[in-house]
Amino acid sequence: MISTTAARLADALGLPLVGPDRVITAVAPLDSAGPEALAYAEGVVSGEAGCVIAKEAVEGRAVIIAPDPKLAFIQALNRLFPEERAAGVHPSAVVEGQLGQGVTVGANAVIGAGAVLGDRVWIGEGVIVGPGCKVGDDTRLFPKVVLYPGVVIGKRCRVHAGAVLGADGFSYHPTAQGPVKVPQVGGLVVEDEVEIGANTCIDRAFLTETRIGRGAKLDNLVQIGHNVRVGPACVIAAQVGVAGSTTFGVGVLVGGQAGFTEHLSVGDGARVAAGSGVIRDVPARETWLGVPAMPARQARRILAALKDLPDLAIERARRLRAAAGSND
Amino acid sequence: MISTTAARLADALGLPLVGPDRVITAVAPLDSAGPEALAYAEGVVSGEAGCVIAKEAVEGRAVIIAPDPKLAFIQALNRLFPEERAAGVHPSAVVEGQLGQGVTVGANAVIGAGAVLGDRVWIGEGVIVGPGCKVGDDTRLFPKVVLYPGVVIGKRCRVHAGAVLGADGFSYHPTAQGPVKVPQVGGLVVEDEVEIGANTCIDRAFLTETRIGRGAKLDNLVQIGHNVRVGPACVIAAQVGVAGSTTFGVGVLVGGQAGFTEHLSVGDGARVAAGSGVIRDVPARETWLGVPAMPARQARRILAALKDLPDLAIERARRLRAAAGSND
Amino acid sequence: MISTTAARLADALGLPLVGPDRVITAVAPLDSAGPEALAYAEGVVSGEAGCVIAKEAVEGRAVIIAPDPKLAFIQALNRLFPEERAAGVHPSAVVEGQLGQGVTVGANAVIGAGAVLGDRVWIGEGVIVGPGCKVGDDTRLFPKVVLYPGVVIGKRCRVHAGAVLGADGFSYHPTAQGPVKVPQVGGLVVEDEVEIGANTCIDRAFLTETRIGRGAKLDNLVQIGHNVRVGPACVIAAQVGVAGSTTFGVGVLVGGQAGFTEHLSVGDGARVAAGSGVIRDVPARETWLGVPAMPARQARRILAALKDLPDLAIERARRLRAAAGSND
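Please read all numbers here as calculations on a predicted model, not as lab measurements.

S.K.: I would appreciate a short explanation of the interface of chain A and chain C in the present structure.
M.R.: The interface is formed by 50 residues belonging to chain A together with 54 residues belonging to chain C. Counting the surface chain A buries against chain C, the share from its top three residues, Lys144, Leu309 and Arg316 of chain A, is 14%. At the junction of chain A with chain C, the criterion picks out 7 salt bridges. A salt bridge links aspartate 311 of chain C to arginine 316 of chain A; the nearest nitrogen and oxygen atoms lie 3.6 Å apart. Summed over the shared surface of chain A and chain C, the number is 19 residue pairs in polar contact (both at pLDDT 80 or more). Put simply, the parts of the chain that give the side of chain A that touches chain C at least two residues each are helix 2 (69–80), strand 28 (217–218), strand 31 (235–236), helix 3 (296–306) and helix 4 (309–327) of chain A.

Structure (structure tokens):
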């Protein structure tokens, strides 16, 4: 972390500082920040933080005033924790492709023949960029990422360690002699400003392309099947699985471990709760949950009623016994 | 892709071409194929495809006639998209084991002491083959696959990037001093023609062996516990988890994200729906679903009735209030 | 495996041997062990095993008497299958950090600048230890493990292949221009004697630290979000997901594929069944299950009653029809 002062930071952010100047040598959550730490407050400023980013001034405190304190805190973090940018190709790397200006290639990374890396691309240790891949300017591939041949990644993306992009889609043709593999000869396109989590897998398409839209964010251990289209600005939490050919619109939010069967359509702005099992199309802007998933209002009514189910079953058994008795 | 013509392709496939010959420079789905593209049709031939593989001739169109159009299309893809076969050991690879004829070893791969690779094995970049492993003829290990020591892989298998085969089974003995690790000294055997997805994990056995049967297909991010036996021709979709010592018969089909507790038996030809949680044995040829999983017919009846549960609960509350009132 | 005899093994374990001495050249489960194999019996000794570890002597059999036969068997396995310890740095490894005594660094591993490895640390092939990481004495990192910068791992840990420790937590600030990444500048601390499964992901904290307590055991493909605290001696099965800032007490047991939403508290000794979806705090020592998870007793009553739900719905429909009829 780069040390600074409240005044210098406020200046860099283009925001007013109210109160005394302070040295900033740390960042911390509001409730545990010390006198040299920067914190932010969504609401009331409390605790001991030396400098707080908040919406309103506080008597005797160093407060950087911001309409969206968390956004200003994010901008502060980006200044105080600049990412490593030691350009250059490590001598142990194997580079057969073409590199833009200011590219970093880490130890033991492999850049295949015909691959093209844009300017300032950062390739971590042990990354494998397959033949013919394209990686846009300022994108970072963390250690051990694997791009299968021909995968296209946009600009300013972050792909975390161990992610596998462009492996074969999972498709077998049933025959009397058992399942026969369907070759997967399509592509994978990841648009600009996408973040992909550690050990996440996104398959290449059968014939056409799998596509992850601009600004989409995928957490760790997510599975995206072949031919899937994830729209721009979707946010998909960890361990979600999306089966082949399913399409997400713009800004879909999906909670962790949710699953989607194949050939579904999920509309713009839809929200799907963690752990849901989606087997039907989800209309735009609706919130769905449950296994199988349904509109949240309906699912919540059922979940609330489940607590009465044991008594309903007991009362039914009693009625049946009574009816049987009256028949004796 | 290799360019061809409809006549040459039909000849190579041993199938009749009806209609005019055409140049083929692309492959595509039927509904988006252009005049130089090959497509296939399960039913009625539509669209603009230059050449279609279908069951019946169509007036004025280049049609390759096949009893199973998709199978013929698969065979065409295998001819038009041959997989890379640049034999040779990259100078950066570390090879201490023994290689068959025509083996490819990619950059920065490591073949441990005593490992034995069959003919035409293809080892991707950064693969780690542990000491004493065996890999059969024509098998492909994609980049970053890890084989722990002593793992045995059959012929004509495909193991996708990041898969980890033969790590320790998860087993701890509870003691007053906390959980004590149970060493996992058994093996892992993968039979011929198995495909294993990206970042999938298959654990070695405790004392005996974990075994994946001939022709089985596992998708990405699957977890197979120690001592599990997956029968021949099983097809297991992404993110499925199978706990220790569970046994699958022949040709079991499992949908994505399903889970199986330990020591279960799943019979030949059983089908388990996506997202199911299986905690009991599944008889052969039955279809199960649900959490917990049960025969599909029973599960569907329950799911259908759930929509009435809120009203059942409301009517019960009304009855209870009425009864309480009549007691006043 | 090291060959031995029943007498020598009993001596090494400090346990009495009753019956004849035997050569031991294998280990096996009790029901399949042959005359030169060691097995253990929790109860009655059966089968052909040459030597059995059991609680009581058996006429004419070589039996090593132990109060906890499985624990003694584990200790025997640790002696008979010592783990490889070929100290030394492979010439292909890239080491910029500092190594303790007797450290092993496998082929193509990378130890970043400022990283500090304790004595007898074993680094597998292709491992990436980021700049500034610390790894305690006797810890083993299996092939392809990735430690992001600054991650701290304790002593006597085992981290399996492909695990990614310290990647960014998943956090975006919603704005009118779409989700904005929240930089993750906190750390990750893994205490002593922790085992982490293959391809498991544990994220670094936002500002503070993510922490895995002493002796905790995590299976394969587990996801641990940022700021999570897993207490000592927790045991977490495969494919579990724990969202950000959730806290586990001491000795929590979690079955496979269970999920936890964020900011939950799970008390000491709690048990959560496989496949559960936990959305509320779990009190200490309770067993919970279900989606959403609830106390097991309550969940089991509901599950048992579900089988009556279809009939309840049918009877309700009949009542409604009858009532409608009587209104005609």
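S.K.: How should I be thinking about helix 1 (residues 6–13) of chain A in this particular structure?
M.R.: What sets the pattern is the α-helix's 3.6 residues per turn: residues three or four places apart point alike. All names here are of chain A. Turning to helix 1, its buried residues are Ala6, Leu9, Ala10 and Leu13. End-on, the buried residues of helix 1 take up no more than an arc of 100°, which puts them together on one face. In this structure, helix 1 carries Arg8 and Asp11 as exposed residues pointing more than 90 degrees from its buried face. Where helix 1 terminates, the next one or two residues include glycine 14, which has phi positive at roughly 70°.

S.K.: Sorry if this is basic, but what is going on with the relation of the copies chain A and chain C here?
M.R.: Copies of the same chain, two in number, are related to each other by a rotation about an axis and a translation along it. With an RMSD of 0.0 Å, chain A superimposes on chain C once it is rotated by 120° and translated 0.0 Å along the axis. Classification of the inter-copy transformation places it as that of a three-fold axis.

S.K.: Explain the environment of serine 276 of chain A to me, please; I cannot follow it from the model alone.
M.R.: All names here are of chain A. For serine 276, the position within the fold is in the loop between strand 37 (271–272) and strand 38 (277–278). Through-space distance from the C-alpha of serine 276 to that of alanine 293 is 5.6 Å; in sequence the pair is 17 residues apart. Discounting residues that sit within four places of it in the chain, serine 276 has contacts with Gln257, Ala258, Gly259, Trp288, Leu289, Gly290, Val291 and Ala293. A polar side-chain atom of serine 276 sits 2.8 Å from the main-chain carbonyl oxygen of alanine 273.

S.K.: Got a minute to help me understand the sheet that holds strand 37 (residues 271–272) of chain B in this structure?
M.R.: The strands making up a sheet associate through backbone hydrogen bonding, with each pair oriented either parallel or antiparallel. All names here are of chain B. Spatially, the 12 strands line up as an open sheet ordered 8-11-14-17-20-25-28-31-34-37-39-40, and their pairing is mixed. Looking along the sheet, the strands with just one partner apiece sit at the ends: strand 8 (88–89) and strand 40 (294–295). Where strand 37 meets strand 39 (residues 287–289), 2 bridges bridge the pair, whose relative direction is parallel. Within strand 39, the residue paired with valine 272 across the bridge is tryptophan 288.

S.K.: How should the interface of chain B and chain A be read in this particular structure?
M.R.: How big an interface is tends to be expressed through the accessible area that disappears when the partners come together. Taken residue by residue, the interface counts 50 residues in chain B and 54 residues in chain A. Between chain B and chain A the total buried area reaches about 4000 Å² when both faces are included, carbon and sulfur atoms providing 68% of it. It is Lys144, Leu309 and Arg316 of chain B that lose the most area in chain B upon contact with chain A, and together they represent 14% of the buried surface on that side. Applying the counting rule to chain B against chain A returns 7 salt bridges. The interface formed by chain B and chain A contains 19 residue pairs in polar contact (both at pLDDT 80 or more). Elements supplying a minimum of two residues to the side of chain B that touches chain A: helix 2 (69–80), strand 28 (217–218), strand 31 (235–236), helix 3 (296–306) and helix 4 (309–327) of chain B. Ranked by residues supplied to the side of chain B that touches chain A, first place goes to helix 4 of chain B with 8 residues. In terms of residue class, the side of chain B that touches chain A is made up of 28 nonpolar, 10 polar and 12 charged.

S.K.: Is there a simple way to explain the pattern of salt bridges in this structure?
M.R.: Any two side chains of opposite charge can pair if their charged atoms end up close together. Counting across every chain of the model gives 57 salt bridges over all chains. Notably, a salt bridge pairs glutamate 83 of chain B with arginine 158 of chain B, separated by 2.6 Å at the nearest N-O pair. Taken as a pair, glutamate 83 of chain B in the loop between helix 2 and strand 8 and arginine 158 of chain B in strand 20 (residues 158–159) lie far apart in primary sequence, 75 residues in all. Classification of arginine 158 of chain B by relative accessible area gives buried; the value is 14%. The partner of glutamate 191 of chain B in a salt bridge is arginine 211 of chain B, with the nearest N and O atoms 2.7 Å apart. Here glutamate 191 of chain B is found in the loop between strand 24 (187–190) and strand 25 (195–196), whereas its partner arginine 211 of chain B is found in strand 27 (residues 209–212), with 20 residues between them in sequence. Taken together, the shared-partner salt bridges in this structure form one network comprising Arg301 of chain A, Lys307, Asp308, Asp311 and Glu315 of chain B together with Arg316 and Arg319 of chain C.

S.K.: Which parts of the structure should I look at to understand empty space enclosed by the protein?
M.R.: Unfilled space is identified by rolling a water-sized probe across the atoms. In total, this model carries 6 cavities of 30 Å³ or more according to the counting rule given. There is about 120 Å³ of room inside the largest cavity. As for the largest cavity, its lining consists of 16 residues, and the residues nearest its centre are Gly162 of chain A, Lys144 and Gly162 of chain B together with Lys144 and Gly162 of chain C. A per-class count over the lining of the largest cavity returns 7 nonpolar, 6 polar and 3 charged.

Each value, and the rule that gives it
Residues numbered from 1 in each chain as written. Chains lettered and ligands numbered in written order. Predicted model: local features only at pLDDT ≥ 70, side-chain atom pairs only at ≥ 80, totals over all residues. Heavy atoms only, no water. Contact = heavy atoms within 4.5 Å. Buried area = accessible area lost by both parts, 1.4 Å probe. Salt bridge = Lys/Arg side-chain N within 4 Å of Asp/Glu carboxyl O. Polar contact = N/O pair within 3.5 Å; in protein donor to acceptor, adjacent residues only side chain to side chain. Helix = DSSP H or I, 4+ residues; strand = E, 2+ residues; numbered from the N terminus. Buried < 20%, exposed > 50% of the residue type's maximum accessible area, 1.4 Å probe, protein only. Arc of directions from axis to C-beta. Least-squares fit on C-alpha atoms with pLDDT ≥ 70 in both. Pairing = 2+ DSSP bridges. Nonpolar A, V, L, I, M, F, W, Y, C, P; charged D, E, K, R; others polar. 1 Å grid on protein atoms, 1.4 Å probe; cavity = no way out; pocket = protein on both sides within 12 Å on 5 of 7 lines; lining within 4 Å. Points joined across faces, edges and corners; volume = space filled by probe spheres on them.

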